[in-house]
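Descriptive structure summary
Residue-level listing of the chains:
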Amino acid sequence: LISVLARLARVPLTVAAVWAVLALAAPLAMSQYRPFVLARGIGSAPRPVSPFAIFSAPVQVPNVAETYKLPLFDVILEATLRSVVLLAGVAAFALTVGVLLGIVAALLRHRPAGSALILGTTSVIAAIPSFFLAYFLQIAIIFIGGAAGHSVLPVFGFGLDGHLVLPLLALAGPAVAMTAQLTAIRMGEVYDADFVNTANAKGLLPSWIVRVHILPHVLPVSFEAVGSGLRVSVASLPIVEYILQWNGIGLVALQAVALGDATAFAACGVVLAALFSFAGLLLDLRPRRIA
Amino acid sequence: MRRQIDPWLAAGLAIASVLLLVAFYGDRLAPFEPIFLLVNGPPGTERPLPPGQPFLFGSDGYGRDLWTLVLVGARTTLAIVGLAGLTRVALGFALAVLGSWSRGARLGLDALADLVSSVPSTVVAVLLVLVLAGQGAPTLVFAGALLVTGWAGPYRLLRSELDRLRSAPFTEGARALGVDRLALLLRHHLPHLIPVLALSASQQIAAALIALAELGVLGVFVGPTRTIVLGAAVRGVTGLNNGGLVSDVPEWGGLLAIGRGIQNLYVTRWAFLVPGAALAGSAVGITILGVGIARHYRRGNLLDDLATWRTVFAAVVIVVGIVPSFVLPDRHTAAVERAGAAREQVRIGADPEAILDSAGLTRTAVDRESTSLRQIGPAQLAFDGPGGGVALIEGRQNDYLPVLYGAASGGTVNAPVVFAGWGISPKDFPPGIRSPFAAADFGALISTWEDDYTKVDVRGKVLVIMRLPILRAGRAAAQGPAPEQLLTKAIARGPAAVLVVDGAFGQAAGFGVGSVDAYTRLGLDDPISSASGTPTFVLSAAAGDRILAPIGFHPTDVLRAIAQGDTSFTAGRSLAQAVPVRAAIELPVGAVHAISHSVVALAPARADGHRLVLWAMTPSSLDGTRGAPDALAALLRSIDPRASPGLAFVLFDPRGDPLANAKAIKTVLGPGSVDTVLVIDTLAGSRLTFQTTYGDLIPAIDDYATRSGATFAPTARTLDPDQPTTGDLMRETGIGAFVDWHWILVRASGPVRTDAGMRADAGALLGYAVARFQADAPELVGR
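Here the structure is a predicted model, which is why all the values come from computation and not from measurement.

Our focus in this paragraph is the confidence of the model for chain A. Note that predicted coordinates carrying low pLDDT should not be read in detail. Residues and elements named next belong to chain A. Averaged over chain A, the pLDDT score is 81; the fraction of residues at 70 or greater is 89%. Highest mean pLDDT in chain A belongs to helix α3 (residues 72-107) (91); lowest belongs to helix α4 (residues 112-127) (76). A low-confidence stretch, residues 42-59 stays under pLDDT 50, and its non-local contacts, those more than four residues away or across chains, total 35 contacts.

Structure, rendered in structure tokens:
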């Protein structure tokens, strides 16, 4: 219990420490450069009316609250909710698709071509940076849309509809890949264990064996993989949100850096640290066996 | 028994060899140079140019060959990420050792690792690169930025590995034998850590590559940037990207920054994909190498292998492969030698005309004689009143400028000051015929206004008025009076002098190459006709504040209020009143008789018709010095001008009317294509500076200056042709006569050196440029 409480306490402690460091260091650091307005998204870099506007009279740069024309608290709250929606989707997606892929790979473990295809594909996805994945997905959707003659999916922007698909896939890629790989490895081990052989010898249904005897041993590892994947997703959040123009906390953090808004940056840092620590907590507090 | 090399290691080593080759020889393998910007591509193509001809992998938005940029940028990119990745692992390893030796340190380091890894590294890297960007050492800046958060990963991995090794039986045995912990680490633990270290290093280098790419996507460049604007160089519509920031350091992240944008997503994808593929391919290759080392040394000791002949042979191969990249002569050795030869020929007070004669070139003298009325000395504007004296400073960047045009003139005045508000009398601006297309008629809007000139007597006094920028009345709005109307009406009322306060002081009146402000334009359209008359000046709003302070009137506040929509100052009530101040004004104007003697000498024409014009100002337009002819003479001594086809030598005398003089020279140069005009002006200073409205020339001229060994200030931006200061510069140097030719103005700035250093630098620069022109350098003749 003490160990669990200590691990639980790490989240607020880390968040408080991040807040303290950012509150002290961010204003000092941001006074060292000239603020600028971050061009938003790979698809929407605005062109100045005159290219010489770049070095004409210094532009008055607003802060984050002025940019969104909302109080800072509302901006951070909305952005956090948008990012949490995304990360929750990533977790659900990784847990379902990743575990299913892992199970399939484990079942095909004696067929090298099949398992190699799944594990090879997941290895490549895990190795590709999320922002490349986002960019490739954008291009793929544009291609498909071009071939179909109509828009298939929105390639950037915010919305709890079709807009959700691309950021979700871009962020979930590494999490799905890690979950699939670890699930496959663990499931392969458990499949070859004596108690599974005994269960098979008893003539139990394969679905029963998987559900009752194998998954309780595999799911903790899958949860751990989702936790690790979520940490990667949180780390990739700013760049993916930036490219796909998803107005989440990562994008607001980048805008705060560009605008030199230390308060907004500290707030974003606290939220991101909380999300990161929460993903870590998922890793730390995983049950040894899920019945 | 010799172990078979792991296939992953073999593949990794092969990829690493390719990366090393590209890093050390990329600039020599590149088909073009990054200083060549093909602004106007083949007919029917737009920038970025598509893969094919002339560029195999297409061009970026500025018309630079992407394949060249990738090859040339490899060295910097791989140096940056290699240093960043290895430093992360080294620091992580050092801290892991510390953490494994001391429990207290471990607790602190664990907490710190949690802290630094809880904020995404991209955000932290962006912040730190911005903070450290001014440090001028991009590789170190980037490595430092990534180090702040990046050490935590290797630290955790290596500390857990050290924990595992600490409890191993062989560790206990070594301890029992009295081996100290440093020896234990180096002799017993390090061989076991090699696979983890190799894997971690490759992961961190790949992570640094990705971070570099992310910074590029965000448009945050590593190192200094310059503003390249291609508008002046564009013929027709060729490309959307006519201006923006370009990283001074050629690295792949910067290419991604340029390669983003809506058109790069839908149409010109190669602009993003080519550097992206280079980044991704390198990341995969480095990861494979790390995995290979880890697999190969899973059960072997790297340190044992290091002492074998195979390793020595591999090291020799690498050294032999790399050393030539430092030893082999530069790509443009001939041009560098020519620059050195020109540098050695510099003499102060040379006579380039005699050298042209001795070289057997035919000189054409362009002599012009002109007489014109103009300002012959600095103007004085001083005020004395109850609040004390006020002295204003002449200059576009300062307080005031004289307005010399037909109705105005020079003279000396000492008279009281009177303020006539907006200087508007309704009878001067009768209502016009209302057009259904016009927003509002100015005359109609002011028809009921008080007459500013009936409230105060302006005759014989120094009249101060403000120019109304815009007049709003309800939803209607009209432009204020034009400067010519305002001044002519004011001068007609008989004041001793006129001072007009204009919020647009020093700003351009229109667009186009060499634009001028509205008051300079008055003088160009209607030149001054008499040496004495009504001295007239245009003042900045801040200068107006100082003059009108005794009556509590502040033009700056009034103009700002009007800009924000305040109509209380334009409600029709006159603002005119006497000012308890006397003004002492002097504007010396006289007839200036000038004789200019310019010389043009043409080398034989090239078969392809290309020409490079070397234009030496004698005397300098800026300070009257004669350094440029010495630089040109040095070049002439170092070459055989008759055997240098395509060159044109100009000794340009700007005295009198520089524009007319330059036009006369342009006539002598005749029709035909001139690729570039190198204008050498004052060389009184300690470093060369380059100015041009042609952004495509900036990378080339900076590169030429570097390679010719000149002391120079890197050119940070393209000159804005719409700025009045550019217009002034182009008039004073005669460049305005050939704005359609690519030109670069070379001037020295900074503390003046007494030796021939700047002349030598300019001579070397000319020598290098001539050699490159003769070698058909695409940046000079490939446009």
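Turning next to the sheet that holds strand β8 (residues 462-466) of chain B. Residue and element names in this part refer to chain B. Here we have eight strands laid out as an open sheet, ordered β5-β4-β13-β7-β8-β11-β12-β6, and mixed in their pairing. The open sheet has two edge strands with one neighbour each: β5 (388-391) and β6 (400-402). Sheet twist, expressed as the mean angle between neighbouring strand axes with direction ignored, is 25°. Pairing geometry for strand β11 (residues 497-501) and strand β12 (residues 536-539), over four bridges, is parallel.

Here we come to the nonpolar core. I249 and F265 of chain A together with F142 of chain B are the most contacted members of the largest nonpolar core, which totals 115 residues. If one sorts the elements of this core by residue count, helix α10 (residues 262-284) of chain A sits on top with eleven residues. Excluding residues that lie within four positions of it along the chain, I249 of chain A makes contacts with I76, A79, T80, S83, L237, E241, C268, V271, L272 and L275 of chain A. Counting residues in each nonpolar core, the second largest holds 85 residues, with A233, I258, L356 and I744 of chain B among its members.

With that settled, the discussion passes to helix α1 (residues 7-29) of chain B. All names here are of chain B. Its 23 residues give α1 an end-to-end C-alpha distance of only 29 Å, which falls more than 12% under 33 Å, the value for a rise of 1.5 Å per residue. Of all the bends in α1, the greatest, near 50°, is centred on A23. For α1, the complete set of buried residues consists of L9, G12, L19, V22, A23, F24, Y25 and G26. Against α2 (66-101), α11 (270-296) and α13 (309-327) lie the buried residues of α1.

With that settled, the discussion passes to empty space enclosed by the protein. Residue and element names in this part refer to chain B. Evaluated as defined, the whole model comprises three cavities of 30 Å³ or more. In terms of lining residues, the largest cavity is bounded by L612, T676, L678, L697, A700, I701, Y704, I744, A769 and L780. Secondary structure elements with two or more residues in the lining of the largest cavity: β17 (676-680) and α24 (698-707). Examining the composition of the lining of the largest cavity, we find that three residues originate from one element, α24, more than from any other. Across the lining of the largest cavity, the residue classes break down as nine nonpolar, one polar and no charged.

A few words on a nonpolar patch on the surface. All names here are of chain A. Taken together, the side chains of L1, V4, L5 and L8 define a hydrophobic patch exposed on the protein surface, amounting to about 390 Å² of accessible area. Locating L8 in the fold gives a position in helix α1 (residues 2-30). Owing to a relative accessible area of 38%, L8 belongs among the partly exposed residues under this scheme.

Moving on, we get to the sheet that holds β17 of chain B. Hydrogen bonds between backbone groups are what pair the strands of a sheet, and the pairing can be parallel or antiparallel. All names here are of chain B. Reading across from one edge, β3-β14-β16-β15-β17-β19-β18 is the order of the seven strands in this open sheet, with mixed pairing throughout. Only two strands of the sheet have a single neighbouring strand rather than two, namely β3 (363-375) and β18 (687-691). Averaged over all pairs of adjacent strands, the angle between strand axes in this sheet comes to 20°, irrespective of strand direction. Sheet topology places strand β15 (residues 612-617) next to β17; five bridges connect them, and they run parallel. When the bridges of β17 are listed, W615 appears paired with V679.

Contacts between the two partners involve 39 residues from chain B, matched on the other side by 46 residues from chain A. On the surface where chain B and chain A come into contact, there are zero salt bridges. On inspection of chain B and its partner chain A, the count reaches zero residue pairs in polar contact (both at pLDDT 80 or more). Looking at the side of chain B that touches chain A, the elements that each hand over two or more residues are α3 (103-116), α4 (121-132), α8 (181-217), β1 (225-229), β2 (243-247), α10 (262-266) and α11 of chain B. Examining the composition of the side of chain B that touches chain A, we find that six residues originate from one element, α4 of chain B, more than from any other. The class makeup of the residues in the side of chain B that touches chain A is 22 nonpolar, ten polar and seven charged.

What follows deals with the pattern of salt bridges. All names here are of chain B. For the structure shown, the criterion picks out 29 salt bridges over all chains. Close ionic contact of R64 with D60 constitutes a salt bridge, the shortest N to O distance being 3.0 Å. According to the relative accessible area criterion, D60 is buried, its value standing at 2%. Through salt bridges that share partners, E33, D703, R707, R772 and E779 make up one connected network.

Criteria and thresholds
- Residues numbered from 1 in each chain as written.
- Chains lettered and ligands numbered in written order.
- Predicted model: local features only at pLDDT ≥ 70, side-chain atom pairs only at ≥ 80, totals over all residues.
- Heavy atoms only, no water.
- pLDDT = per-residue confidence, 0-100.
- Helix = DSSP H or I, 4+ residues; strand = E, 2+ residues; numbered from the N terminus.
- Contact = heavy atoms within 4.5 Å.
- Pairing = 2+ DSSP bridges.
- Axes fitted to C-alpha atoms, helices over the stretch in contact; angles between N-to-C directions.
- Core = buried A, V, L, I, M, F, W, Y, C linked by side-chain atoms within 4.5 Å.
- Buried < 20%, exposed > 50% of the residue type's maximum accessible area, 1.4 Å probe, protein only.
- Expected span 1.5 Å × (residues − 1).
- Bend = angle between axes of the 7 residues up to and from the residue.
- 1 Å grid on protein atoms, 1.4 Å probe; cavity = no way out; pocket = protein on both sides within 12 Å on 5 of 7 lines; lining within 4 Å.
- Points joined across faces, edges and corners; volume = space filled by probe spheres on them.
- Nonpolar A, V, L, I, M, F, W, Y, C, P; charged D, E, K, R; others polar.
- Patch = residues over 30% accessible without salt bridge, like charges linked within 9 Å, V, L, I, M, F, W, Y side chains within 5 Å.
- Areas by Shrake-Rupley, 256 points an atom, 1.4 Å probe, with all protein chains shown as cover.
- Salt bridge = Lys/Arg side-chain N within 4 Å of Asp/Glu carboxyl O.
- Polar contact = N/O pair within 3.5 Å; in protein donor to acceptor, adjacent residues only side chain to side chain.

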